[in-house]
Amino acid sequence: MVYINENFLRLQKSYLFVEIARRIEEFQEKNPDIEIIRLGIGDVTLPLPGVCIEAMEKAVKDMGKVDSFKGYGPEQGYLFLREKIAEWDFSKRGVSISPDEIFVSDGAKCDTGNFQELFSNEIKVAIPDPVYPVYLDTNVMAGRAGELLDGRYSNILYLECTENNGFLPEIPDTRVDLIYLCFPNNPTGATISKQELKKWVDYARENKAIILYDAAYEAFIRDDDIPHSIYEIQGAREVAVEFRSFSKTAGFTGVRCAYTVVPRECVGYTKSGDKISLRDMWLRRQSTKFNGVSYIVQRGAEAIYSNDGQKQVKELINYYLENARIIKTNMQGLGYTCVGGKNSPYIWINGRMDSWEFFDLLLKRCGIVCTPGIGFGKCGDGYIRISAFNFRDKVEQAMDRIKTHLK
Ligand SMILES: *Cc1c(COP(=O)(O)O)cnc(C)c1O
């Protein structure tokens, strides 16, 4: 008989998007003339930068000629891309990362989800609440999360992010081994300063722990004092793995390209106390289970690392940041407390009522869809997430409706 991995049965049912879709459908049936505006989307809306299109067109032609055709590429990614990443994303910011510490992949979702495979099931894991659901669910599937009691897994340490701590996770007073952090944050839009991030790096060094740092929204950072990479913090090379993605940076959500940095100094331990390089383990894992990102896509990603490319990416993100500013200013103008919306495409709004109640209010009174905060964890209750990923006229129309109907 083929027994299943029963850890899958421990996953919490994901009602969120099904429930959102159901409520939208019900509303639209009753109000067929109202055009619904979706501000719940976690996906980009603008097309790819021109430099990426040109590079991919050229790469397609390469594939049609005997001399430049490419079959399987290196599992770690083509050197041309890893060298550009090392130079433009790190060296230019005063951070030293070598191309052989960079692993190109088809998404930060899979990388943040897969990286936990390198660790024992006996480790203690700390995960923020609210959070991008991938970190938690992949640990549940691996059998590391324990029993589900009252919406919380017994072996997970939840790092609660609330108004009281400015939506920044606090250093645990117990020992944990693996820590997930995401800045700028999804869903709250919160950012972390160098001093605060230094506390986590110090904690990880003292406890021989590893930080998995998700910097998928790095490109939205505009304030000079916010770190773009965890490696801007002294000592981080020994304790941090960083995830980056071209998805939100350059509109690659449908093209698929990302990368993970695993510095040579990062180690885990055997039961007998030997140090093992996580970079070597990840290389072995990737070359066994992954066959690389397509040549065409890697050429497209490479194109953002030029003066033209950087300019186009910056313009793309400035568009969303202006949307975010408009949303935040309007919501604050109506008296709502908000975080994010600066250095981030997300605005996290305290609705002063149950998440779903506020969702219904926005839908029924204004015809606007948001994401209920409770979908990201217990601490998300009472909040909603509004996303700046939309067209300017839609955002402005949505704000007009909110000003008229929520006063
Ligand atoms: C969108 C997003 C990613 C990027 O995922 P891809 O698989 O690279 O598209 C990673 N982490 C967070 C928190 C995100 O919101």
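Here's a quick rundown of the structure. (Residues numbered from 1 in each chain as written. Predicted model: local features only at pLDDT ≥ 70, side-chain atom pairs only at ≥ 80, totals over all residues. Heavy atoms only, no water.)

**So, the site of the ligand**
Filter applied, for reference: Working definition: residue near molecule or strand if any one of its non-hydrogen atoms lies within 4 Å of it. In protein, a polar contact means a hydrogen-donor-capable atom and an acceptor-capable atom, both N or O and within 3.5 Å, with residues adjacent in sequence counting only if both atoms are side-chain atoms; elsewhere, any N or O pair within 3.5 Å suffices. Only the protein chains shown count as covering a residue, and every accessible area follows the Shrake-Rupley method with a 1.4 Å probe. Cavities and pockets were defined on a 1 Å grid built from protein atoms only: a cavity is a group of points that admits a 1.4 Å probe but offers it no way out, a pocket is an open group of points flanked by protein on both sides within 12 Å along at least five of seven lines, and a lining residue is one with an atom within 4 Å of any such point. Put plainly, a molecule is in a cavity or pocket when over half of its atoms are within 2 Å of the grid points there. Helix and strand definitions here come from DSSP, where helices need a minimum of 4 consecutive H or I residues and strands a minimum of 2 consecutive E residues; each element is numbered from the N-terminal end. Residue polarity follows a fixed list, in which Ala, Val, Leu, Ile, Met, Phe, Trp, Tyr, Cys and Pro are nonpolar, Asp, Glu, Lys and Arg are charged, and the others, Gly among them, are polar.
The immediate surroundings of the ligand are formed by 14 residues, with Tyr 217, Ser 245, Ser 247, Lys 248 and Arg 256 found nearest. Ala 108 places a polar main-chain atom, nitrogen or oxygen, 2.7 Å from an oxygen atom of the ligand. Here an oxygen atom of the ligand and a side-chain polar atom of Tyr 217 are 2.6 Å apart. Isolated, the ligand exposes 390 Å² of accessible area, and the fraction of that covered by the protein chains is 94%. Here the ligand is seated within the largest pocket. Of all the secondary-structure elements, those providing two or more residues to the shell around the ligand are helix H4 (108–114) and helix H7 (246–250). Within the shell around the ligand, the residues separate by chemical class into six nonpolar, four polar and four charged.

**A closer look at the pairing of strand S10 (residues 258–261)**
The line we're drawing: Here the term buried applies to any residue with accessible area under 20% of the maximum for its type, exposed to any over 50%, and partly exposed to those in between, with areas from a 1.4 Å probe on protein chains only. Two strands are counted as paired when DSSP detects at least two bridges linking them.
Along S10, one buried face is formed by Ala 258 and Thr 260 and the opposite face, lined by Tyr 259 and Val 261, is buried too. One ladder, built from four bridges, connects strand S9 (residues 240–245) with S10; its direction is antiparallel. Note that in S10 the partner of Glu 242 across the bridge is Val 261.

**Topic: the sheet that holds strand S13 (residues 337–340)**
Selection rule: Residue contacts are counted whenever heavy atoms from the two residues lie within 4.5 Å of one another. For every element, the axis is a line fit to its C-alpha atoms; helices are fit only across the contacting stretch, and the angle between N-to-C directions ranges from 0 to 180 degrees.
As summarised here, the arrangement of the four strands in space is S13-S14-S17-S16, forming an open sheet in which the pairing is antiparallel. Both edges of this open sheet fall to S13 and strand S16 (371–372), since each of them pairs with a single strand only. Pairing analysis gives five bridges linking strand S14 (residues 346–350) to strand S17 (residues 383–387), with the strands arranged antiparallel. Looking at the pairing, Asn 350 lines up with Tyr 383 of S17. Where helix H10 (residues 307–333) meets the sheet, its contacts fall on S13, S14 and S17, and the angle it forms with S13 comes to roughly 160°.

Function-wise, these values are silent; they only describe arrangement.
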